[in-house]
Amino acid sequence: MNLNYLMMRILKNLICIAVLLSICISCKKSDFLNKKPSTDITEPTTLTDFQQLLDNTQAMNSTGGLAQVSADDQIVSYTNYLAATATERNAYIWNKEIYGGDTGISDWNFPYQTVFYANVVLEGLLKSDSASSAKAQYLKGWALFSRAFAFYTLTRNFCKAYDAASAATDLGIPLRLASAIDYLKPRASLKESFDQIFADLNGSLGLLPEERPSANLNRPSKIAAYALLARMSLEMRNYAAAEQYADHALTLYSTLIDYNTVSQTSITPFSRTNAELICSYTQGGGSYSFMTSNYIESPVRVSPLLISLYAPDDLRLKVVFGQNADGSYYKKRGYSGTGAYPFTGLATDELYLIKAECLARRNETKSAMDKLNQLLILRFDKTKTYRPITASSSTDALTKVILERRKELVWRGIRWNDLKRLNKEGANITLSRVLNGTTYTLSPNDPRYVFPIPNDEITLSGIAQNPR
Amino acid sequence: MRILTSIIFTLLLFTGVSAFAQKITYVKKEVTLAQLFKEIKKQTGFNVIWNEEKLNAEKSISVNFHDASLNEVMSKALTNPSLSFAITDKTIVVTQKEVSFLDRIMSPFREINVSGVVRDENNKPLWAATIKVKNKNKYVHTDSLGRFTLEGVRPDAALVVSYLGFQSREIRAQTDVGTLKLMMISGNLDEVQIVSTGYQTLPKERATGSFVRIDKDLLDRSVSTGILDRLDGVTSGLIFTSPVTRQVGQSAIEIHGRSTLFGNADPLIVLDNFPYDGDLNNINPNDIETITILKDAAAASAWGTRSGNGVIVITTKKGSLNTAPKIGFNANVTFGQKPNLYYNPQPSSSEVIDTQQYLYKQGAYDYNIGSGYLPLPPAVELFRNPSSPDYEAKLNALRNNDLRDQLSKYFYQTSIAQQYQANISGGGKHQKYALSAGYDHNLGSAVGNSYNRITLNASNSFYFFKDKLELSSNLRYTGSKNRILPILVPNNPYDQLADSNGKPVAVAGDLNLPYAQTAGNGKLLNWLYKPLEELQNRYNTIKTNVDNYRINLALSYKVLAGLKLSTVYNYEKGKSERSTLYEQASYYTRNLINTYTQIDPVTGKVIRPIPLGDIYLSQPTESRSQSGRLQIDEEVKFGKHVLNAIAGVEIRELNTSESQDTFFGYDTQTGTNLNSSLDFKEDYPLFNGSVRKIPRFYSSYETDNRFFSYYFNGAYTYADKYIISLSVRQDESNLFGVSTNQKGVPLWSTGLSWILNKESFYDIDWLSYLKLRGTYGYTGNVDNNLSAFLTTQTSSISINTYNAPFASVVNPPNPSLRWEKVRNTNFGLDFMTKNGRISGSVDIWQKNGMDLIGNTSVAPQTGISMYMGNSANTLTKGMDFQISSRNLMGAVQWNTTLLYNHVTSRVTSYKVSNGSNFNVISANYMNPIEGFPFYSVFSFKYGGLNKNGDPQGYLNGVPTTNYADLFGSTNRKDLVYNGSATPTSFGNLMNTFNYKGVGLSFNISYRLGYYFRRNSFTSTGIAGTDYSYGDYKARWQKPGDENHTTVPALVYPSADKREDFYRYSDVLVEKADNICLKDIRLDYTFPQRSRLPFKYLNVFTYIDNVGILWRANHYHLNPDYPTRFPEVRTIAFGLRAGL
């Protein structure tokens, strides 16, 4: 009896539930289906969303490493050479063919990933409600700077050294200014490429803050934009502009680290927020880890020729390098803090060197040496007597600045472009390596200074390949 | 639990069998009674049963019926006043009228014992047939000779004789009823086959689609822990792929070929009306009544966007009304052979040592030696000190070692799987129930691995209001515990795990032995790696504990005759806790602690950033799903027209959460850890000079998939001969970044079937059943992780190098994203000869995959190298053929079933560049080529060895060793297409014999028309840890060898491309065709004797994976397991009993 009563009640309830369910369903359906399928996924719409994309250091602040492998900072023994990856081996001996069918070459893919992210943010900001807010303007400047830096790293690896006379016809890079993935771009001319980079940087100058973001050095500032403009102008051999930009940057920020205050025993002498950092970029790991990584036990050795350039009291011998038991040197971790991969970003020491070089080039010999000494005195053991560098002529000054440039900016991927630039001016530097009895050489202005575009890009987009 | 017990009611799906018109229209001058009865059967579905001695069926009468009732017709037909008739459940029984007045008076006071024999139409005794006093709870079963005696019956009582699959008969009680013959229902077993689509059940005869129904007997033929294993080899249109040859994204089971490229390829599993997303191992096979496989659009479109890969509908056992409690018991034990580690040939230890010596001389180990701590093969440690005493003896000792001996001895064992299940089911007049409990206990073939499972299952149905209202519930629980010990990956084939006394010895793991022995001067934890000690002490254990509940509630109400309303609700909750415990004594934990330990060189103080104690990795996952359905079933009949329709709405939500975290300094007793005192952001210097953070695996995320669907399914039947079906379904989901009105896709299908043998012109006497059917329609596939808009991913704990949270792009914008659609066409033919001697079906099908979503490569200048888009079309065609024959039907019974399937597939359009030829060859499943199957074996044309022993390919027809150009070429003419990587023809041949309760059956399976790559000697392989090939000796060793071998020379340094070229050349591609004896079953069913307490007792032995009968390759390889040992042979013993 009771059971039946219970049943009836349950029954009634179930019927009610069914009716309610069907009513609820029809009116709440759109709410029901608007639920996000995963807590992980968002469609970026807010300024915070965009900032988080730009704060993706892996995507925004990574560069390739071919320029480091091919330059003359390091040497490897034949045994270790054999243990390296094929791309590293080929790049090390300046082979015509580098990738041998390998895909996913970071020197090409990383910067274009950065360009994609930057374009996503630039387009998103346009649609954003708060596009005119100060934060949005800052993010726009950030994205423009990031795109410019990415385009710039592409030009230095995959294009000839800039020559105003031929830039309009020299091959540049595909200039992608929209994030959609359903279109392909051919290579613009080198001039168009540089024009775009300058436009982006100039656009960012008005939007970026003047203060150095001392805790988040992956984020750009006006200092970074000027520093990059200075570096690029130098590469274009427009020394007047380079000096101007360097001045602008140094006016905003000119702090240098006194290496006397830096540990000589630590394997990570610098923090990733060290005082000389303007904007942090790091060579992305993976592809070139064997031949470029800087740590004790690393299979690569600093070129003895490079080591021989340092004076005995030069602190860099102990701070930047470490000595192995066999007397050879390895490269300690650099301005990327604990990161095992080379620092490839912007720092104040480079600005001093640019300034000094430009001074030397316009015959301001004394000023050039003063600028150089400002930097070098902080690299010398202060317990010893520092003898300031002097130059007998502007040519001598230039030679000395360039030598110091070589010694200061090691393992930053800068050497390769200096070689391209200086050889273009007749420096006539021939690189050579000996491996297992075979000598490999790279003569000045060799087309092999320009890296081939990765095979998957050529296959999938059909853009023009570099002659090697 | 209180709530649960109060709502345990189960909906039993209605079985719309009794849906026939009961009016007769028949006008004929001269017609025999037999013909008339046949006509009644045709028009109403009612069988007429009569006694030949009492009624002369050849007598002719003249009839003139217009919409006459059955009563009218029968009264007219039975002119003899002594005859009467009774209409019961689809049967009209002609009986003799009561004889005398006295008898009638006396009968209530007398009781008699009724005995007789029940046989089938072939005079074969029917064992366990039921003889029941009508409307009384008194019954008896026949014995194995079909005999029965029912005691204490009133002489006027009506007895009902029934047997599953046979027409029930009603007889009048008398002392000796003689031989009672039961007819198979409608003379055709197939006709009672009820197929379930998960939404409705319908007689197979009325279906237009392509189904396979696997009943309990066939499922119970094999023995396994999981349910899917039991479908292997008994189902047409379905193929299993071994885990070894399974390609990326390939499902273990494919129904009618592959119909997606990169989408989810798994068939949809439906368990008792609702999709089942859990682990199939949670379902106890002994609880399953039937499995129906829906292969084409007709029924599959009922499941909408998830049906593109076919649907497997699993129905569990239920009770039945008016049945005394039936108790059943299953028990079996399965022994699996120890895996044969010698299955793959490999170079001998001595040969590997010779190679290592050569490599050592070439400087291959210099880098590791120079590091001081990196591991070295034991032989290389010896080479470094050739002047040491016993150098030769030690080296020779190594040469005589074979790691496989010790692995086999210590790491593998005979597997034992025990399975027990008990069940009880039955029912009263208005209620039915089924309960079961199962226990599985498996010990794996890898020592230390085990699996325990408990399954509980309760289903209940109640009927109210003259059975118009049905309330039912189904409650399932599965609890399981799985334990796995890590697998040892051998480094050197001559490594030793134990000394001659069986004591564990150390091998070089991440460190070389001298370093591991001396590092830290005693200030570090023991750094030696002894795999055997790890195993014996169970230092690392991966445990997975599962708790899974499923509650199914249903309520249905028959509003009017033919109109039913129902709601069904399903709730499922699964919790799986996977955890890995690395005890402090384990190598993993000691190694990690040591790696981070800092020893002050001056004070000798030891600092351990990772504290002492166990390390515990916890990976809990939880899933919850809720589904509700509101459905109307309607059946309308008028004259010869029958209309069946169902329509409904369905709402479904599937919520899963997954997380993981690592706990350091873990105390298993208290469950406490020291994580709060650890700094996970700090970069610590490691012993080898590098710097790393403490590796804490930490993540957490939730997914929530929601679906909303409307569906309609209708069938129109005319004169029981022509059936037209239509099914339409609209699915909507919370596809992200898409507005609500774009979230859905309508899918539909239509079908037609024609039962030819019911036509008046049909006169093929020997072919008593012939049905033609065809379906056409669309099924689909959806991935809720895709979006038309750009989406990004932020994880709560992902911070960049400057400790700021960051986001990554997961999906680039793709405005043209559409749902995947599959157009299905199916033509089928079902047939059966007279007496059911031969029966079978043929299906010819075609599936056009359209707008298939592909993970496609794009030029890297776009900023991504892969994206998901609608990028491909495919065409898959095939044929399923199934034929069963009853070869012998006497005392010895012999049945044969042959399955044959043919599948061809081709990518018809692929809008994406496939990259280089090497990309195509090495990862074809990512780079399908137009005009070829999705899973193709492509290779480089092999040009033999050059005079240096280097493998050669062809560029422009000229032999070359320019591997970079060969790899980079995009000229597809340079590719060799060897064939499909999946079988294009496959099937089984099953023979079953029965004699006096002894049954013997064996199943032979064949898989033809496909190819595989075999392993061979490569320089990178032997320098690494790959030894699974037998042609080491055949390698090129001296000039001239190139004339008689194709195996390249050993070189150092090895060039990856040289080795890869050889690995992917056509010389290593083999035909995979094979024929296997899949299994053998021998059983004995005891005749019912009073001595035994069982009504039913069957004992059996079952051997699985018996062996290969024939294979096309000459290397003695199992083509489905070309690189590791195949599934082991197992033998099971067991019994099934019924009380």
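Up top you'll find the structure we're talking about.
From a predicted model like this one, the values you see are computed outputs, not experimental measurements. (Residues numbered from 1 in each chain as written. Chains lettered and ligands numbered in written order. Predicted model: local features only at pLDDT ≥ 70, side-chain atom pairs only at ≥ 80, totals over all residues. Heavy atoms only, no water.)

Now for the overall build of chain A. When helices and strands are tallied, chain A shows 19 helices and eleven strands. Taken over the C-alpha atoms alone, chain A extends approximately 115 × 50 × 50 Å along its principal axes. Counting every position in chain A, which comprises 468 residues, the buried fraction comes to 60%. For chain A, the share of sequence-separated contacts (at least 6 apart) that also reach a separation of at least 24 residues comes to 71%. Only carbon and sulfur atoms are counted for the fraction: they give 54% of the accessible area of chain A, which is about 17,700 Å². (Helix = DSSP H or I, 4+ residues; strand = E, 2+ residues; numbered from the N terminus. Buried < 20%, exposed > 50% of the residue type's maximum accessible area, 1.4 Å probe, protein only. Contact = heavy atoms within 4.5 Å. Areas by Shrake-Rupley, 256 points an atom, 1.4 Å probe, with all protein chains shown as cover.)

The next thing to look at is the pattern of salt bridges. Enumeration over the complete set of coordinates arrives at 69 salt bridges over all chains. Salt-bridge contacts for E404(A) lead to K407(A); the nearest nitrogen and oxygen are separated by 2.9 Å. In this pair, E404(A) and K407(A) are both assigned in helix α17 (residues 394-408), three residues apart and thus about one turn of the helix distant. Overall, E404(A) belongs to the buried group, its relative accessible area being 5%. Owing to a relative accessible area of 7%, K407(A) belongs among the buried residues under this scheme. Between E572(B) and R550(B) there is a salt bridge, with its nearest N and O atoms 2.6 Å apart. Taken as a pair, E572(B) in strand β28 (residues 563-582) and R550(B) in strand β27 (residues 540-560) lie far apart in primary sequence, 22 residues in all. We note that E572(B), like R550(B), is buried. (Salt bridge = Lys/Arg side-chain N within 4 Å of Asp/Glu carboxyl O.)

This brings us to the packing of helix α15 (residues 348-361) of chain A against helix α16 (residues 365-376) of chain A. All names here are of chain A. Put simply, α15 and α16 touch, their axes get as near as 8 Å, and they point 165 degrees apart. Overall, the two elements α15 and α16 adopt an arrangement that is roughly antiparallel. Seen along the crossing, α15 lies across α16 with a hand that is left-handed. Contact residues: α15 offers D349, Y352, L353, K355, A356, L359 and A360, while α16 offers S367, A368, K371, L372, Q374 and L375. Looking at side-chain class alone, the contact of α15 with α16 contains eight nonpolar, two polar and three charged residues. (Axes fitted to C-alpha atoms, helices over the stretch in contact; angles between N-to-C directions. Parallel < 35°, antiparallel > 145°, perpendicular 65-115°, else oblique. Left-handed = near helix turned anticlockwise from the far one by under 90°. Nonpolar A, V, L, I, M, F, W, Y, C, P; charged D, E, K, R; others polar.)

With that settled, consider the interface of chain A and chain B. In this complex, chain A contributes 74 residues to the contact, which on the side of chain B involves 76 residues. Between chain A and chain B, the buried area comes to about 6,700 Å², and carbon and sulfur atoms account for 65% of it. Between the two partners, chain A and chain B, sit zero salt bridges. One can count twelve residue pairs in polar contact (both at pLDDT 80 or more) joining chain A with chain B. Listing elements by their share of the side of chain A that touches chain B, those giving two or more residues are α1 (2-33), β1 (41-42), α2 (47-54), α5 (78-83), α7 (106-127) and α19 (455-461) of chain A. (Buried area = accessible area lost by both parts, 1.4 Å probe. Polar contact = N/O pair within 3.5 Å; in protein donor to acceptor, adjacent residues only side chain to side chain.)

This next bit is on the pairing of strand β55 (residues 1130-1138) of chain B. All names here are of chain B. The sheet contact formed by strand β22 (residues 323-336) and β55 spans nine bridges and is antiparallel. Its bridge partner being in β55, V333 is matched across the sheet by F1133. Across nine bridges, strand β54 (residues 1096-1111) lies against β55 in antiparallel orientation. If you follow Y1102 over to β55, its bridge partner there is A1132. (Pairing = 2+ DSSP bridges.)

Moving on, we come to the sheet that holds strand β19 (residues 274-275) of chain B. All names here are of chain B. Reading across from one edge, β15-β20-β21-β18-β19 is the order of the five strands in this open sheet, with mixed pairing throughout. Edge positions in the open sheet fall to β15 (211-214) and β19, since each of these has one partner strand only. Note: β15 against strand β20 (residues 288-294), four bridges, orientation antiparallel. Bridging across to β20, V212 finds its partner in I293.

Here we take up the pairing of strand β18 (residues 268-271) of chain B. Residues and elements named next belong to chain B. Side-chain alternation along β18 places L268 and V270 on one buried face and I269 and L271 on a second face that is also buried. The sheet contact formed by β18 and strand β21 (residues 311-316) spans four bridges and is parallel. Its bridge partner lying in β21, L268 is registered against V311. Remark: two residues form the turn of the hairpin made by β18 and β19, two consecutive strands paired antiparallel; D272 in that turn has positive phi of roughly 45 degrees.

In this section: the packing of aromatic side chains. Within the structure shown, the criterion is met by 53 aromatic pairs over all chains. With a centroid separation of 6.1 Å and 20 degrees between ring planes, the pair formed by Y78(A) and Y81(A) is classed as stacked. Taken as a pair, Y78(A) and Y81(A) lie in helix α5 at a separation of three residues, close to a single helical turn. Pairing Y529(B) with Y587(B) gives two aromatic rings, centres 4.6 Å apart and planes at 35 degrees, and the pair type is tilted. Taken as a pair, Y529(B) in the loop between α12 (513-518) and α13 (531-536) and Y587(B) in helix α14 (residues 587-596) lie far apart in primary sequence, 58 residues in all. (Phe/Tyr/Trp six-rings, centres within 6.5 Å; stacked < 30°, edge-to-face > 60°.)

Right, let's get into the sheet that holds strand β7 (residues 130-133) of chain B. All names here are of chain B. What the four strands build is an open sheet, ordered β8-β7-β10-β11; its pairing is antiparallel. One side of each edge strand has no neighbouring strand; the edge strands of this open sheet are β8 (139-141) and β11 (169-172). Taken over all neighbouring pairs, the strand axes of this sheet differ in orientation by 20 degrees on average, direction set aside.

Right, let's talk about the environment of R301(A) for a bit. Residue and element names in this part refer to chain A. Of note, R301 is situated in strand β6 (residues 300-302). Among the residues examined, R301 registers a relative accessible area of 24% and is labelled partly exposed. Sequence separation of R301 and D73 is 228 residues, and the distance between their C-alpha atoms is 8.7 Å. In contact with R301, other than residues within four places in its own chain, are D73, Q74, I75, N324, D326, S328 and Y329. Within the structure, R301 has its side chain in polar contact with the side chain of S328 (distance 3.0 Å).

In this section: the side chain of N946(B). Residues and elements named next belong to chain B. Mapped onto the elements, N946 comes out in the loop between β45 (936-940) and β46 (953-955). A polar side-chain atom of N946 sits 2.9 Å from the main-chain amide nitrogen of N948. Look past the residues within four positions of N946 in its chain and what remains in contact with it is Q952, T961, W1036 and E1042.

This part is about the environment of G278(B). Mapped onto the elements, G278(B) comes out in the loop between β19 and β20. Taking relative accessible area as the criterion, G278(B) reaches 30% and is therefore assigned partly exposed.

This paragraph deals with the packing of helix α8 (residues 134-158) of chain A against helix α9 (residues 190-205) of chain A. Residues and elements named next belong to chain A. Closest axis-to-axis distance for the α8/α9 pair is 8 Å, and the angle between their directions is 155 degrees. As judged from the angle between their axes, α8 and α9 are roughly antiparallel. When the axes of α8 and α9 are compared, the crossing they make is left-handed. Packed against α8, whose contacting residues are G141, L144, F145, R147, A148, F151, Y152 and T155, the element α9 presents L190, S193, F194, Q196, I197, D200, L201, G203 and S204 at the interface.

Another point: unusual backbone geometry. Of note in this structure, N428(A) is not a glycine but carries a positive phi near 55 degrees. In this structure, N428(A) sits in the loop between α18 (415-424) and β10 (431-435). Residue class for N428(A) comes out exposed when judged on its relative accessible area of 57%. For N273(B), which is not a glycine, the phi torsion comes out positive at approximately 85 degrees. If you trace the backbone, N273(B) turns up in the loop between β18 and β19.

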